[in-house]
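Structure assessment
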Amino acid sequence: MADGLFDEGLFEAQVQQDADEAVAANAPLPVRMRPRTLDEVVGQDHLLHPGAPLRRLVEGGASASVVLYGPPGTGKTTLASLVSLATGRRFVALSALSAGVKEVRAVIEEARRRLGRRSERTVLFIDEVHRFSRTQQDALLGAVEDRIILLVAATTENPFFSVVAPLLSRSLVLQLRPLDDEAVRALVRRALVEERGLGGRLDLAADAEEHLVRLAGGDARRALTALEAAAEASGSVGETTITLDTVEDTVNRAAVRYDRQGDQHYDVTSAFIKSIRGSDVDAALHYLARMVAAGEDPRFIARRLVVHASEDIGLADPTALTAAVSAAQAVQLIGMPEARLALAQATIHLATAPKSNAVITAIDAAVADVNRGAVGAVPPHLRDGHYAGAARLGHAERYRYPHDVPEGVLPQQYPPDQLVGRDYYQPVARGAERALADRVPRLRRVVRGDDASGDGAGRDGQ
C-alpha cells in the first residue's frame, strides 16, 4: 500500500541524479529548471547557510520535522525533492488534495516496520498541508513525536492559522521568502542558456526581461511559465529574440497573489489600513486594487474603512466617518464593480485626512478602568429622579442644569468619586481636533471647579 502511495505522489518522488533521466523532455519549463542541488537554489540563503536546519535536512543530517511556509514559486517542492536525495532514507510524497487518514496511517505503519527491520528512516512530504483536516493532521502527531517519520510539510498559508498547534510544536517552521528581482533574473537567464531550458536558442530583450521580473512578483514558477509561453510564440514566427511585445501579448496580466481564506487576506488588509494610517494615499489605493481584483467582499473593505475612520482619524476630521459610512451604504446599494469608486473615494478621503487616535485611546482607557473594577457609585445628584420614592432616596437632588447659565457649562461632579480627575480623551493638535485641544482643558477646569467663570444658578430635580 505504502509503495503505491509512493508512486502516486504529487510529483515524481525519487529524483534521479542523472538529469536526462529525471525529467521528461516535454515537461514544463519550471519543472525542467527545478534545481537539482542546493547550489542551484536561489533566494533562500537565510535557510541554507552552513549548519542551518534546512541544509542539514537536505544533506541528511537533521532529525527534526519541518513546515515549509512561503508563497508560490519560492522553492518548497524543490527543497522537498532535494531531501529525497539524502542517503539512507525512504521518501514518500502525499498530496493533501487526495490523501486521507487511511493513507497517512498506512505510510506511518510501513515506516514503523522499515525502521524496526532495516533502521531505515522515512521522510514523508505532504504538499498543501493546510488542506488537511484537523483529524488528518492529528493522525501525524504520534509518528512525528516518536520520529517514526520525518515530516516535511509545505504550505502557502500561514501555518499558525492552518496547522494544528500540537503539530507545530513538534516541528520547525521555516519561512521561505519571495524571490527578489535579482534571484528571479538569475533563474530566467539560467533557463535561457541551459540545455534543459531553452538551450540558448533564443535571446531575451532587456525590456522583456525587466517585464518578466516585474511580472513574477517573487514567484519563479510564474516567471518561467511566462518565459516559456513567450519563447513558443517567438519560435512559431521564426523570431530569434523574445521582445517585450511578445511577452505582453502572451501574458495578459499578473495573477494577484491573494487568498481570501489565507494569510494574504490578513497581510493585504493590514497593509491597506497601515497605508491609510500613514497617509500614503497611493499605497492605500494599490492595496485596495489588490483586494478588488482578487474578488474580496466589498462589504468587508467598507467595514474596515468605517472602523478606521474612528480609530485613526476621529475628530481630527469629523467628516471621515460620514464618508466611510456613505461608502458602505453605496456598496449595499449598487454593488460591484461600480462600488469600487465609492470605496476608492473613501480611501482617498481617509488617507489624506489629518490623523488622530484620540478616540480609540480614550475608549480603551475607559474600558481598562472598568475592567479593573474602577466603577464606583453614580453620584446621587446624577441618578434618575423620575420615579416614585426617588426623592426619599436623595436621587437627583442638587443637580445643576447647565442650560441655566449663559456659558452652558458649570461646576459639577459627574464621575464616581474614585475617578474624579481621570482624563481619558486627549485631543491632538491636528486638523479639526486642534480646536478641541484648546477647548477640552477649559471645559475640564470649569466642570471641576478650577475656573469660576462657568458658574451659574442651577435647577434641581432633573
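What to know about the overall build of the chain
- Scanning the chain for helices and strands turns up 22 helices and seven strands.
- Taken over 462 residues, the chain has a buried fraction of 46%.
- For the chain, the share of sequence-separated contacts (at least 6 apart) that also reach a separation of at least 24 residues comes to 73%.
- Of the roughly 23,400 Å² of accessible surface on the chain, a fraction of 50% belongs to carbon and sulfur atoms.

Some details on the pattern of salt bridges
- Taken as a whole and assessed by the stated rule, the structure comprises 24 salt bridges.
- Across the salt bridge formed by R196 and E40, the nearest N and O atoms sit 2.9 Å from each other. Here R196, found in the loop between α12 (181-193) and β6 (203-204), pairs with E40, found in the loop between α3 (29-32) and α4 (45-48); they are 156 residues apart in sequence, far enough to count as distant.
- The salt bridge partner of R422 is D369, with a shortest N-O separation of 2.9 Å. With R422 in the loop between α21 (358-371) and α22 (433-447) and D369 in helix α21, the pair connects residues that are 53 residues apart, well separated along the chain.

Here we look at the pairing of strand β3 (residues 121-127)
- Within β3, six of the seven residues are buried, which leaves it mostly tucked inside the rest of the structure.
- Looking at chain direction, strand β2 (residues 89-95) and β3 are connected through seven bridges and run parallel. Across the sheet, residue L94 finds its bridge partner in β3, namely I126.
- Handedness of the crossover is the feature at issue here: the chain leaves β2, passes through helix α7 (residues 101-118), returns alongside β3, and the resulting connection is right-handed.

Brief notes about the pairing of β2
- Across the seven residues of β2, seven count as buried, placing the element largely inside the fold.
- Residues of β2 alternate between two faces, with R89, F91, A93 and S95 on one and R90, V92 and L94 on the opposite face, all of them buried.

Quick look at the sheet that holds strand β4 (residues 149-155)
- Read from one edge to the other, the open sheet built from five strands follows the order β2-β3-β4-β1-β5, with strand pairing classed as parallel. Two strands close off the open sheet at either side, each with one partner strand: β2 and β5 (171-175). Each strand axis lies, on average, 15° off the axis of its neighbour in the sheet, ignoring direction.
- By the bridge criterion, five bridges tie strand β1 (residues 65-69) to β5 in an arrangement that is parallel. When the sheet's bridge partners are listed, S65 is paired in β5 with S171.
- Against the sheet, helix α6 (residues 76-83) makes contact with β1, β2, β3 and β4, and its axis sits at roughly 165° relative to β3, the strand it touches most.
- Along the sheet, α7 makes contact with β2, β3 and β4, crossing β2 at roughly 175°.

A short note on the confidence of the model for the chain
- For the chain, the mean per-residue pLDDT works out to 83, and 87% of the residues sit at or above 70.
- Per-element confidence in the chain ranges from a low mean pLDDT of 42 for helix α1 (residues 2-7) to a high of 95 for helix α20 (residues 339-352).
- Counted against residues more than four places away or in other chains, residues 1-23, with its pLDDT under 50, gives 38 contacts.
- Across residues 453-462, where pLDDT falls below 50, the model places 33 contacts with residues more than four positions away in sequence or in other chains.

Observations concerning the environment of T352
- Within the secondary structure layout, T352 lies in helix α20.
- As for T352 and V281, which are separated by 71 residues in sequence, their C-alpha atoms are 6.5 Å apart.

Some thoughts on a negative patch on the surface
- A surface patch of like charges, here negative, comprises D207, D245, E248 and D249.
- On the secondary structure map, D245 appears in helix α15 (residues 244-250).

A word on the environment of A362
- With respect to the element layout, A362 can be found in helix α21.
- For A362, a relative accessible area of 12% translates into the label buried.
- With residues up to four places along the chain from it excluded, the contact list for A362 reads Y424 and Y425.

Regarding the nonpolar core
- Formed by 28 residues in total, the largest nonpolar core has its most connected members in V184, V188, L204, L212, L227 and I242.
- Of all elements in the fold, only α12, α13 (206-216) and α14 (220-236) reach the threshold of two or more residues within this core.
- Of all the elements, α14 adds the most residues to this core, at seven residues.
- Contact partners of V184, with chain neighbours within four places excluded, come to L179, V213, A216, G218 and A223.
- Within the second largest apolar cluster, 27 residues are counted, among which are V268, I301, L343 and A344.

Overview of the environment of S279
- Within the secondary structure, S279 sits in the loop between α16 (263-277) and α17 (281-293).
- In contact with S279, not counting residues within four places along its chain, are A351, A353 and K355.
- Of note is the side chain of S279, whose polar atom sits 3.5 Å from the backbone oxygen of A351.
- For S279, the side chain forms a polar contact with the side chain of K355, separated by 2.9 Å.

Some thoughts on the layout of surface pockets
- When its volume is computed, the largest pocket comes out at roughly 570 Å³.
- Looking at the largest pocket, it is lined by 30 residues, and the ones nearest its centre are R34, G73, G75, T78 and R221.
- Among the secondary structure elements, those contributing two or more residues to the lining of the largest pocket are α3, α6 and α14.
- Top element by residues in the lining of the largest pocket is α14. It accounts for four residues.

Quick look at the packing of α12 against α13
- α13 packs onto α12 with a crossing angle of 125° between their chain directions and a minimal axis gap of 9 Å. Classified by the angle their axes make, α12 and α13 are oblique. Handedness of the α12/α13 crossing: right-handed. Listed contacts from α13 to D181, V184, R185, V188 and R189 of α12 are E209, E210, L212, V213 and A216.
- In the contact of α12 with α13, the residues fall into five nonpolar, no polar and five charged.

Basis of the calculations
- Residues numbered from 1 in each chain as written.
- Predicted model: local features only at pLDDT ≥ 70, side-chain atom pairs only at ≥ 80, totals over all residues.
- Heavy atoms only, no water.
- Helix = DSSP H or I, 4+ residues; strand = E, 2+ residues; numbered from the N terminus.
- Buried < 20%, exposed > 50% of the residue type's maximum accessible area, 1.4 Å probe, protein only.
- Contact = heavy atoms within 4.5 Å.
- Areas by Shrake-Rupley, 256 points an atom, 1.4 Å probe, with all protein chains shown as cover.
- Salt bridge = Lys/Arg side-chain N within 4 Å of Asp/Glu carboxyl O.
- Pairing = 2+ DSSP bridges.
- Right-handed = clockwise from strand over helix to strand, strands pointing away.
- Axes fitted to C-alpha atoms, helices over the stretch in contact; angles between N-to-C directions.
- pLDDT = per-residue confidence, 0-100.
- Patch = residues over 30% accessible without salt bridge, like charges linked within 9 Å, V, L, I, M, F, W, Y side chains within 5 Å.
- Lys, Arg positive; Asp, Glu negative; His and termini not counted.
- Charge placed at Lys NZ, Arg CZ, Asp CG, Glu CD.
- Core = buried A, V, L, I, M, F, W, Y, C linked by side-chain atoms within 4.5 Å.
- Polar contact = N/O pair within 3.5 Å; in protein donor to acceptor, adjacent residues only side chain to side chain.
- 1 Å grid on protein atoms, 1.4 Å probe; cavity = no way out; pocket = protein on both sides within 12 Å on 5 of 7 lines; lining within 4 Å.
- Points joined across faces, edges and corners; volume = space filled by probe spheres on them.
- Parallel < 35°, antiparallel > 145°, perpendicular 65-115°, else oblique.
- Left-handed = near helix turned anticlockwise from the far one by under 90°.
- Nonpolar A, V, L, I, M, F, W, Y, C, P; charged D, E, K, R; others polar.

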